[in-house]
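Okay, here's what each chain looks like letter by letter:
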Amino acid sequence: VVARVRLAEDPDVVLDTNIVGSEPGGVRIGQPVEAAFEPRGDIHVPVFRIAR
Amino acid sequence: VTTARPERQAIISGVGRSAVGRRLGRASLELTLDACLAAIDDAGLQPSDIDGLTTWPDIRGELGGFVGPSVAYLQQILRLDLSWHLGAVDGGNVLGVLGEAALAVSAGLARHVLVYRTLTEATAHAAGQPRAVPANSGDPWLVTYGIGSVVQFAAMWAQHHFHRYGTTREQLAWVALNDRRHAALNPDAIFRDPLTIEDYLAARMISDPLGLFDCDIPSDGAHAFVVSHRDHHRDADAPVFLEAMGVARPRTSSWAFWPDLDEMAAHGCARQLWSRTTLGPQDVDVAGLYDGFSIFTLLWLEALGFCGRGESGPFVEGGDRIGLGGELPLNTSGGQLSEGRYVGFGFVHEICQQLRNRAGDRQVTGAEVGLVAGGGGPLAQAFLFTNRT
């Protein structure tokens, strides 16, 4: 799922990123998320999952 | 801030268009010359009268048919003696060269500027050339996240609007349905068959909530305009006067990392436009608002004050307000969703023809004031035209 995430720590910062661990229909605007890191090619990049 | 409004010294004295459509298989230069010579003739001029020349984008390479002949090349072909020229390379220019041309004639740097824009995307894509829009990523950071197309960013604006204001696909559909019913009246339009709400909703989803009919059509065709000093207006057959212009680019030219999905660059652009004229939204008789993706048209309606923030869904629903005979006839050519994707210049062509009473079966009776808005997301330019001196 392609998503735009605003950081709670600095609302001026937005990231275009992915929500992982959820189907597209299970993601809603405004849901709190938490950072995770996934390998993409040679590097690990920040992605987000729905906060538990 | 100055109270001078130099753009009012500019008129569009001539309008030209080549053959337009899908997969014409014609050379970009040939289409360009057809449009340019038609515009020069329409202005009552000869090529030797042209002393300014500009286009966007003026960059090397084919870019999948997104780019026409360069300013330098076209100058040689037309053998022009230029006192002003601009080959714009900035990624967000879209319609901006029209404003630059107006300022050049206002400043006395040129008397007649030829502005052209050529696209051969349909033919290039059919020949297997890679699709390329300068604004899009190639940015490896975005590719990492599977973001490779502007449609994904446009979809985020739409998702936000649906979430915050309760806008529905059935409302958004009216941008496409209204375009299509106008295209039926436009012999130049690519898609003229009736489109129903059922067709719209059943079409393939591209990037939720934007489906196939929310996305414009890669097309072939060239447009040209002669921008002259207003001193020339009595010699022009049907001059169109530039009343005001607006441009804005808040914070970034990128589609990515956009800070506030409640706004596009359109909002600042609209504020500037209305600050430069005593006219207001209620004075506009016909409008062409960019519909590269349908959601942009809704956001332009709000930005320009045709309706309140968040109210564009109900505003277009049912299509009465935005049809011919409605309070705001909108995208009367069929727009980029049905006439073809000419990256804003199709709207300039249409609004000029409306103000010249040359829009055929889709003429808005008595149209005197027309508005063109180009771009979406981080890109925005707007122009207000009249047919009154």
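Computed from a prediction, not measured in an experiment: that's the story for all the values here.

Engineer: What should I look at first to understand the pairing of strand S2 (residues 52–55) of chain B in this one?
Structural biologist: Working note: regular strand, side chains alternate between the two faces of the sheet. Residues and elements named next belong to chain B. Burial along S2 is two-sided: Gly52 and Thr54 facing one way and Leu53 and Thr55 facing the other are all buried. Pairing of S2 with strand S3 (residues 84–87), which is carried by four bridges, proceeds in the parallel orientation. Within the sheet, the bridge partner assigned to Gly52 lies in S3 and is Trp84. Summarising the sheet, S2 and strand S4 (residues 112–120) pair through four bridges and their orientation is parallel. Following the sheet pairing, Thr54 is matched in S4 by Val115.

Engineer: Even after reading the chapter, I still don't get the packing of aromatic side chains, so can you show me in this structure?
Structural biologist: Geometrically, a pair of aromatic rings is defined through the distance of the ring centres and the angle of the planes. Residues and elements named next belong to chain B. With the rule as written, the count across this model stands at nine aromatic pairs over all chains. The rings of Trp157, Trp255, Trp258, Phe293 and Phe296 are connected pair by pair, giving a single aromatic cluster. Looking at Arg17, its charged tip hangs above the ring of Tyr342, at a distance of 5.9 Å from the centre.

Engineer: Sorry if this is basic, but what is going on with the confidence of the model for chain B here?
Structural biologist: Close reading of the predicted structure is inappropriate where its pLDDT is low. The share of residues in chain B with pLDDT of 70 or more is 98%, and the mean pLDDT across the chain is 95. Scoring of the predicted complex yields 0.95 for pTM and 0.87 for ipTM.

Engineer: Is there a simple way to explain the interface of chain A and chain B in this structure?
Structural biologist: Many authors give the size of an interface as the accessible area that is lost as the parts come together. Between chain A and chain B, the residue contacts involve 15 residues of the former and 20 residues of the latter. Carbon and sulfur atoms make up 60% of the area that chain A and chain B hide from each other, which totals about 1400 Å². By the criterion of area lost to chain B, the three top residues of chain A are Arg4, Asp16 and Ile29 of chain A, representing 47% of everything that side buries. The tally of links from chain A across to chain B stands at zero salt bridges. When contributions to the side of chain A that touches chain B are tallied by element, the ones reaching two or more residues are strand S1 (2–7), strand S2 (10–18) and strand S4 (43–50) of chain A. Counting residues per element, the side of chain A that touches chain B draws most heavily on S2 of chain A, at six residues.

Engineer: Would you mind showing me how to read the nonpolar core here?
Structural biologist: Side chains of nonpolar character tend, in soluble globular proteins, to be buried together. All names here are of chain B. Ile295, Trp300 and Leu371 are the most contacted members of the largest nonpolar core, which totals 107 residues. Here this core takes nine residues from helix H6 (residues 150–165), the largest share from any one element. Setting aside chain neighbours within four positions, we find Leu371 in contact with Leu273, Trp274, Val284, Val286, Ala287, Gly288, Leu289, Leu304, Phe306, Ile351, Phe383 and Leu384. Listed in part, the 19 residues of the second largest apolar core include Leu31, Ala39, Leu80 and Tyr116.

Analysis parameters
Per-chain numbering applies: the sequence of each chain, read as written, is numbered from 1 onward. All chains are assigned letters beginning at A, and all ligands numbers beginning at 1, according to the order in which they are written. In view of the model being predicted, local features appear only for residues whose pLDDT reaches at least 70, and side-chain atom pairs are presented and counted only at 80 or more, with totals across whole chains, interfaces and linings using the full set of residues. Water and hydrogen atoms were dropped before computing side-chain values, which therefore reflect all heavy atoms in the structure. Here the term buried applies to any residue with accessible area under 20% of the maximum for its type, exposed to any over 50%, and partly exposed to those in between, with areas from a 1.4 Å probe on protein chains only. Put simply, DSSP marks the helices as runs of H or I at least four residues long and the strands as runs of E at least two long, and each gets a number from the N terminus on. When DSSP finds two or more bridges between two strands, those strands count as paired. Paired rings are identified among Phe, Tyr and Trp, the last through its six-membered ring, by centres lying within 6.5 Å, and are further divided according to the angle between planes into stacked (under 30 degrees), edge-to-face (over 60) and tilted (the rest). Two thresholds decide whether a charge sits over a ring: the Lys NZ or Arg CZ must be within 6 Å of the ring centre and within 35 degrees of the ring normal. Values of pLDDT, ranging from 0 to 100, describe the predictor's confidence in every residue of the model. Contacts between residues were defined by any pair of non-hydrogen atoms, one from each residue, lying within 4.5 Å. For any pair of parts, buried area is found by adding up, for both, the accessible area (1.4 Å probe) each one loses once the two are put together. By convention in these notes, a salt bridge is any Lys or Arg side-chain nitrogen within 4 Å of a carboxyl oxygen on Asp or Glu. Residues enter a nonpolar core if they are buried and are Ala, Val, Leu, Ile, Met, Phe, Trp, Tyr or Cys, with the set joined through side-chain atoms within 4.5 Å.

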